[in-house]
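# Structural overview for review
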Amino acid sequence: MKNEYDLVMDFLEKHQLFNGVIMIADKGVPVYERSVGKRNEASPLTSQSVFEIASLTKPFTGACIMMLVEEGGLSLSDELAAFFPRLSFPGVTVGHLLHHTSGLPDYMEWFEDKWDRTNMVTNADVVKCLETLPAEFLPGERWEYCNSGYVLLAEIIALKSGMTYEEFVNRRIFEPLGMSRSSLSSVFVDGPPKDYATGYVVDGDGRIELPANLPDHEYVVMFDRVKGDGGIKSTAEDLLKWEQGLFSGILLSEESVQQIVQPAVLKDGRYTDYCPALHEEHYGGYGAGWKIEEHLEYGKIAMHDGYWAGYCHGLVKYLHLDKTLLLLSNHDFIGEGYVKIPHLLTLAMEKVIWGEDADLTPFRELLSTP
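Below: a short report on this structure. Computed from a predicted model, the values in this text were never measured in an experiment. (Residues numbered from 1 in each chain as written. Predicted model: local features only at pLDDT ≥ 70, side-chain atom pairs only at ≥ 80, totals over all residues. Heavy atoms only, no water.)

### Remarks on the packing of helix 12 (residues 341-353) against helix 13 (residues 361-368)
Viewed as axis vectors pointing N to C, helix 12 and helix 13 meet at an angle of 155 degrees, and their least axial separation amounts to 10 Å. Taken together, the axes of helix 12 and helix 13 are roughly antiparallel relative to one another. Contact residues: helix 12 offers I341, L344, L345 and A348, while helix 13 offers P362, F363 and L366. Residues that form the contact of helix 12 with helix 13 fall into these classes: seven nonpolar, no polar and no charged. (Axes fitted to C-alpha atoms, helices over the stretch in contact; angles between N-to-C directions. Helix = DSSP H or I, 4+ residues; strand = E, 2+ residues; numbered from the N terminus. Parallel < 35°, antiparallel > 145°, perpendicular 65-115°, else oblique. Contact = heavy atoms within 4.5 Å. Nonpolar A, V, L, I, M, F, W, Y, C, P; charged D, E, K, R; others polar.)

As structure tokens, this is what we get:
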């Protein structure tokens, strides 16, 4: 089977379609791992290279909320007004924030349009910004991905625990699981951590540039201090420890883990078919920080993707058989068609995981397109 994995990776490496780390595990034990390309201009990538994991942070935030719920200090039905009395979003609960059904506006567009980009945004700035913005729909009415909700969840974690969000994640997740290479440091404040994989933007002609040097991507500096919706730096090895620790019951009870992978129910009664999932033909639901899909062949899948200028990632957990597919990339392709490469690679490796032959057709078609 390893040869089939290598057929895919050899092709992508030969045609410079991937720069990153891929790891596949069975019951927590890696059965295939490969690093392709460099983490900066001089050093090769390894499974210990540290990536900005972007929205792969959201499952961590969801787990932290469930820890507080388990301990009795918080309820998913607690309303937002109890924590932020100046916010005018009546009826919005912690659960709505967790499930992206709150109706809150996403803060990023407001800051990109109105903020002085020489100043870095903080979580407190996001809260203050939301005091001036109206809701986009009634809570529970529909699903719409919302970074604002996860920034507020990070602030709720701090308020209820008496620790900063960073301290809570360190003490309750990183340290118990031995995730020694993971942190919530801010690269443009604290400097890059050891073995940091610098993110690059790659255009359709193969030109490589740092995001901070591009007008459409310089937000990476402005938002570097915002935490909860993103902000974690981690490695492939540490992320495998994370998902194993979460789903094996080390961090939470079995009941809470089941709640994490239980999709939210919308007002119209739907618990699936509203959230984009791994397979385009299978829209799924959203649990406590995870996209949830019921696949006819592969069973129940919990997954999340992560995008930040310079980075594109995916973590896929096949729950019934305890198989994991992890992809981390520090090349962000912006050329037409090429933006699909991480998704196409995930699907190609998935087929091999389930015993099928490697299929290079999508990549060959991509290369043949003018």
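Further notes follow.
### Some words on helix 10 (residues 236-247)
Helix length check: helix 10 (twelve residues) gives 17 Å between terminal C-alpha atoms against 16 Å at 1.5 Å per residue, within 8%. Within helix 10, ten of the twelve residues are buried, which leaves it mostly tucked inside the rest of the structure. Within helix 10, burial applies to A236, D238, L239, L240, W242, E243, Q244, G245, L246 and F247. (Expected span 1.5 Å × (residues − 1). Buried < 20%, exposed > 50% of the residue type's maximum accessible area, 1.4 Å probe, protein only.)

### Some details on the pattern of salt bridges
Throughout the structure, instances matching the rule amount to 21 salt bridges. In this structure, R172 engages E71 in a salt bridge whose closest nitrogen and oxygen atoms are separated by 2.5 Å. In this pair, R172 sits in helix 7 (residues 165-177) while E71 sits in the loop between helix 2 (58-70) and helix 3 (94-99), placing the two residues 101 residues apart along the sequence. We classify R172 as partly exposed; its relative accessible area is 26%. A salt bridge links E144 to R142; the nearest nitrogen and oxygen atoms lie 3.2 Å apart. Look at E144 and you get partly exposed, because its relative accessible area is 31%. Judged by relative accessible area, which is 33%, R142 ranks as partly exposed. Residues joined by salt bridges that share partners form a network here, namely D6, D10, E13 and R34. (Salt bridge = Lys/Arg side-chain N within 4 Å of Asp/Glu carboxyl O.)

### Examining the sheet that holds strand 4 (residues 200-202)
What the three strands build is an open sheet, ordered 5-4-12; its pairing is mixed. Single-partner strands in this sheet number two, and they are strand 5 (208-209) and strand 12 (331-333). (Pairing = 2+ DSSP bridges.)

### Examining the state of the cysteines
A complete count under the given rule lists zero disulfides for this structure. Here C64 stays unpaired: no disulfide links it, and the sulfur of C146, its closest cysteine neighbor, is 19 Å away. The thiol of C146 is not disulfide-bonded; the next cysteine sulfur, from C129, is found 11 Å away. C146 sits in the buried class, given a relative accessible area of 2%. (Disulfide = S-S within 2.5 Å.)

### Focus on the sheet that holds strand 11 (residues 323-329)
Adjacent strands of a sheet form backbone hydrogen bonds with each other and so pair up, either parallel or antiparallel. Pairing is antiparallel in the open sheet, where seven strands are placed in the order 2-1-11-10-9-8-7. The open sheet has two edge strands, strand 2 (29-36) and strand 7 (285-286), and neither has a second partner. For strand 10 (residues 311-318) and strand 11, the ladder comprises seven bridges, and the chain directions are antiparallel. Note that in strand 11 the partner of Y318 across the bridge is K323.

### What to know about the nonpolar core
As a rule of thumb, soluble globular proteins bury nonpolar side chains together. Within the largest apolar cluster, 90 residues are counted, with the highest numbers of intra-cluster contacts made by I173, F223 and W242. With sequence-adjacent residues up to four places away left out, F223 is seen in contact with Y107, M108, F111, E112, V121 and W308. Counting residues in hydrophobic clusters, the runner-up holds 30 residues, among them V36, Y298, L327 and L345. (Core = buried A, V, L, I, M, F, W, Y, C linked by side-chain atoms within 4.5 Å.)

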